Amino acid sequence: MLKAARRKWAVFRSDDRLIVIAMAGLVGACSGLAAVALNRSLHFMGTALHTFHHHWWGVVLPAVGATLSAIFLNVLLKERAGHGVPEVVYAVSRYGGLLRFRSSYSRLVSSCLTIGSGGSAGPEAPVVISGAALGSNIAKFFSLKERQRITLVGCGAAGAIASIFNAPITGLVFTVEVILGEWRSFNIIPIAIAAVAGTEVSRLLQGNQIVFPRQHYTIGLPDIAASFGVVIVATVVSVVLGRMLKGMHGVAMRTHIPPLVRPAVGGLAVGLLGIYLPFVLGEGYLSVQQMIQGTFSQGLLLAILVMAAKMLATALTLGWGGSGGIFAPSLMIGSLVGLVYHRFLSWIMPTAILSNEGCFALLGMAGLLSGMLQAPLTGIFLVVEITGGYDVILPLIIVSALTSTFCYYIEPASYYLRDLIERGQFLRPGTDARVLSDLAVRELVKEVPTLLRGDMLLREFLTILEQSKEHLFPVVDPHSGAYQGMIFVDRIRPFLFDRQMYGVLMIEQLMESNVPTVAPDDELSEVLSLMEHEDLEALPVVENRRFVGLLSKSTLLDHYRKELIVQAGN
Amino acid sequence: MTERLLHVFQNTPLGRESLLQSLHFCKTLGVDLHIYVPESKQFLMYFDHDMVQVDLNRSYLLSPESAVDHARQLADLFDVHVTFLVPKNYTAAQLPDIPTHYTYMCCPQSISDLSAKIGLGYVGPKVWRIAKSSTFPVFMTGRVYKPWTSITVCYTGSNNANKALRWGLHLGHNSGMPVELFTFMERHNAAYFDEQLRQAGLWDELGDRVSAWHKIDRGSFEEAFYAVGHDTLLVLGAYSHGLIKVLLFGSKTEKIQAWMPNSMLLVGPHCAVEV
């Protein structure tokens, strides 16, 4: 009986899809739990600290929270700060989704301290890395293959996003669009299951409530026409916010303030802003709700001021080392974009028949999110799911699609991926760069059976050539083993047919010593570029001046194809 | 391809002793030396199925401006060519990813304060994880440089011990040094170990390549180790006991490391070598 059970388990394990689908539910539920824990903790901290923000000394609360967060992350856990999503994408791109176990809880605690104390950031990026790390470590525990592990990392991210926003489709779409970057049934089915599991955990523990109560909007042609204006404003604000975040990070890094104190500086500045404009503190969901309901009572100029202050507060919080994500600030800034645009239109065209400003707040949210993430589907589905605003789906699609496109032309990399792209570490599965990054020169190098000596006569070489199929021969020093140059049979052909030269010419006179060499640790993408630039079919691999072997284009192509098949999962 | 040893350099007198031992290792075995001078207190190593974050203590970051010169001066004494490793990839923009495709890695004895328990050189969780995940054996240096003149394999009859024996024979072949076997017969008799060697296909190798086999069946585990030479490189398989057993009785490898002043080569389950 035990044997039969083992056989069944072996069959189950051998099917890549079945085991991933089974694990997906577990990963989704665990990441959903992590998201609920963060959500409840933030709620608790928000309630507990709310009254303190009204005191004069409440200004230091964000600084204290950010400092505690930095101490927890950098001193206690020795994990470097960051908003998490790029780390997950990096792990998926380069290391088959391997993530540290400590990442499954570190950002939950640190972001709780940062956001709960008033920092302007969102809880989504922390839950994404927590969920992804849970998925990665569960895959590691069950010794799953690399491709299965990547899918479970995606399942963790999907479960977490689905749980924190009570939005399963957003969890699925965000994971596939941003984290994995490939739409394949192998991924989509388990990720969908994980998203459902995460959502169910959230609904079980917190009730089935959407983040913002549903409103009904009537959309007409003027609204669709006006949505093009939202695209322009959202594009400008997305680009400015992205540059502010990057610029603020640059400023923080250039200062001589110790890394542990930097978040406190950002937090203090946010606290000071919060004295005059309390809207900028925390996630800002209350203000978003008011804007969607059309009850945000501040005037146009104040709304613009709040928008600018929220952008500054977000840049200060995240740029100076606070822990948190960009979703929630994008939602608030986006809703302000829509609201300001609507009020401005109503001011210059009082007779225009437009839907109410809550509808435009939704469009702004979708626009800004799509612009920042350059992920239009995530923007569309998130707004639809968290507001129940299916009425506005048509302008929502227009705004999301166009804003992400325009942002792409101005800033080719999204907020999450910018650093990775700048460092050349953004490698999507199945792409040329990714396939090459998974191969190493040392794996492809071919040993050469015949090494020539420099003092060898051409006659001796001809004897070797007669018995060889090679057309490239390395020349090495027989005593030290040092590499000296290469003989290209094609290039010395005239001498091969000149019998008078057989006893006169030596190999060192015929060899080419200026052929570029590569080292076993060189990146294959660079090696390939070198081959193309020099128009060579093969390059000598040299380590510590010693000849190791030859790397040929045909061997590279052969391994490239095999690796591509592995990555494609065929 | 030439064998390569990765050494994480600590620019202190203790680190100098460790580097001297790595240099001796490389010189004796004809191994290329790759030195990493840490730029931050943490670095990551990504293996096929696991990743390990190594947390170094502050002493690893002392005087970075002189570290390369100090390492090079020592290498010149041994006439060993040194390559300095510069990380190409970073996790979370700040944590260097150290490549894992080496033949050996040196985890030097760190300072003996508590922080060493989460750093290199102590057979604690980190070194265990490196040894268990890597395809290379971990070279653990003694506190003071002492050239070894022979190789002693601690043979316990397990799969990992067979692997360790293969590595011992490999080192013996490359260095030309005599290889000895050491077995403490705690629960099995001599015939058991002979049979294990036959089953592993290593029995025939012993006659030619092993100069002595010390089979100790008396005294305690610690007493038995007096038979091991003072100037020998100890090669042992990573004992793969369960977590509870290790928690209750402690790890044998750690006992050996604490008891023996010799340099050690710890062979993990994924380390394979042709004999």
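Predicted model only: the values in this text are computed from it and were never measured.

Draft legend 1. Expanded view of the environment of Lys-163 of chain B. Residues and elements named next belong to chain B. Here Lys-163 shows up in helix 4 (residues 159–175). Note on Lys-163: relative accessible area 24%, which makes it partly exposed. Measuring from C-alpha to C-alpha, the distance between Lys-163 and Ala-272 comes to 6.8 Å, with 109 residues separating the pair along the chain. Apart from the residues within four sequence positions on either side, Lys-163 is in contact with Val-267, Gly-268, Pro-269 and Cys-271.

Draft legend 2. Inspection of the domain arrangement of chain A at higher detail. Residue and element names in this part refer to chain A. Along its sequence, chain A is organised into domain 1 (15–206), domain 2 (221–422) and domain 3 (433–568). Averaged C-alpha coordinates put domain 1 and domain 3 at centres separated by 49 Å. Tallying the contact residues gives 6 residues for domain 1 and 6 residues for domain 3. Of the roughly 440 Å² buried between domain 1 and domain 3 on both sides combined, carbon and sulfur atoms contribute 20%.

Draft legend 3. Representation of the pairing of strand 10 (residues 150–154) of chain B. Residues and elements named next belong to chain B. For strand 10, the tally of buried residues reaches 5 of 5 residues, placing the bulk of the element in the interior. Burial of strand 10 is two-sided: the residues Ser-150, Thr-152 and Cys-154 facing one way and the residues Ile-151 and Val-153 facing the other way are all buried. Of the strand pairs in this sheet, strand 10 and strand 13 (residues 232–237) are connected by 5 bridges, and their pairing is parallel. Along strand 13, the bridge assignment pairs Ile-151 with Leu-233.

Draft legend 4. Broad picture of the interface of chain A and chain B. The interface of chain A with chain B comprises 28 residues on the first partner and 32 residues on the second. Both sides of the chain A and chain B interface together cover about 2,700 Å² of buried area, and 45% of this is carbon and sulfur. Between chain A and chain B we count 4 salt bridges in total. Across the salt bridge formed by Asp-32 of chain B and Arg-546 of chain A, the nearest N and O atoms sit 3.2 Å from each other. At the surface where chain A touches chain B, the tally comes to 10 residue pairs in polar contact (both at pLDDT 80 or more).

Draft legend 5. Highlighting the sheet that holds strand 8 (residues 104–106) of chain B. Residue and element names in this part refer to chain B. Read from one edge of the open sheet, 10 strands run 5-2-1-8-9-14-13-10-11-12, paired in mixed fashion. The two strands at the open ends of the sheet, each matched to only one other strand, are strand 5 (82–84) and strand 12 (210–216). The mean inter-strand angle of the sheet, taken between neighbouring strand axes irrespective of direction, is 25°. Sheet analysis places strand 9 (residues 138–140) next to strand 14 (residues 264–267), joined by 3 bridges and oriented antiparallel. Within the sheet, the bridge partner assigned to Met-140 lies in strand 14 and is Met-264. Along the sheet, helix 5 (residues 190–199) contacts strand 11 (179–184) and strand 12; its crossing angle with strand 12, the most-contacted strand, is approximately 140°.

Reading guide: rules and limits
- Residue numbering note: each chain is counted from 1, following its sequence as written.
- For naming, the first written chain is A and the first written ligand is 1, with later ones following in the order written.
- Where totals are concerned, whole chains, interfaces and linings use all residues; where local detail is concerned, this predicted model gives features only for residues with pLDDT of at least 70, and gives and counts side-chain atom pairs only at 80 or more.
- The basis for the side-chain values is all heavy atoms of the structure; hydrogens and waters are excluded.
- The numbering of helices and of strands both runs from the N terminus, where a helix is a DSSP run of H or I of at least 4 residues and a strand a run of E of at least 2.
- Relative accessibility under 20% of the residue-type maximum defines a buried residue, over 50% an exposed one, and the middle range a partly exposed one, all with a 1.4 Å probe and only protein chains included.
- The criterion used for residue contact is that any of the two residues' heavy atoms lie within 4.5 Å.
- Residue ranges labeled as domains rest on an automatic or database domain assignment.
- Simply put, the buried area is the total loss of 1.4 Å probe accessible area from both parts when two parts are fitted together.
- At least two DSSP bridges between two strands are needed for those strands to be called paired.
- Put simply, a salt bridge is a Lys or Arg side-chain nitrogen that is within 4 Å of an Asp or Glu carboxyl oxygen.
- By the criterion applied in these results, polar contacts are pairs of N or O atoms within 3.5 Å in which, for protein atoms, one can donate a hydrogen and the other can accept it, and in which residues neighboring in sequence qualify only through two side-chain atoms.
- The axes used here are C-alpha line fits, helices contributing only the stretch in contact, and every angle between their N-to-C directions lies in the interval 0 to 180 degrees.

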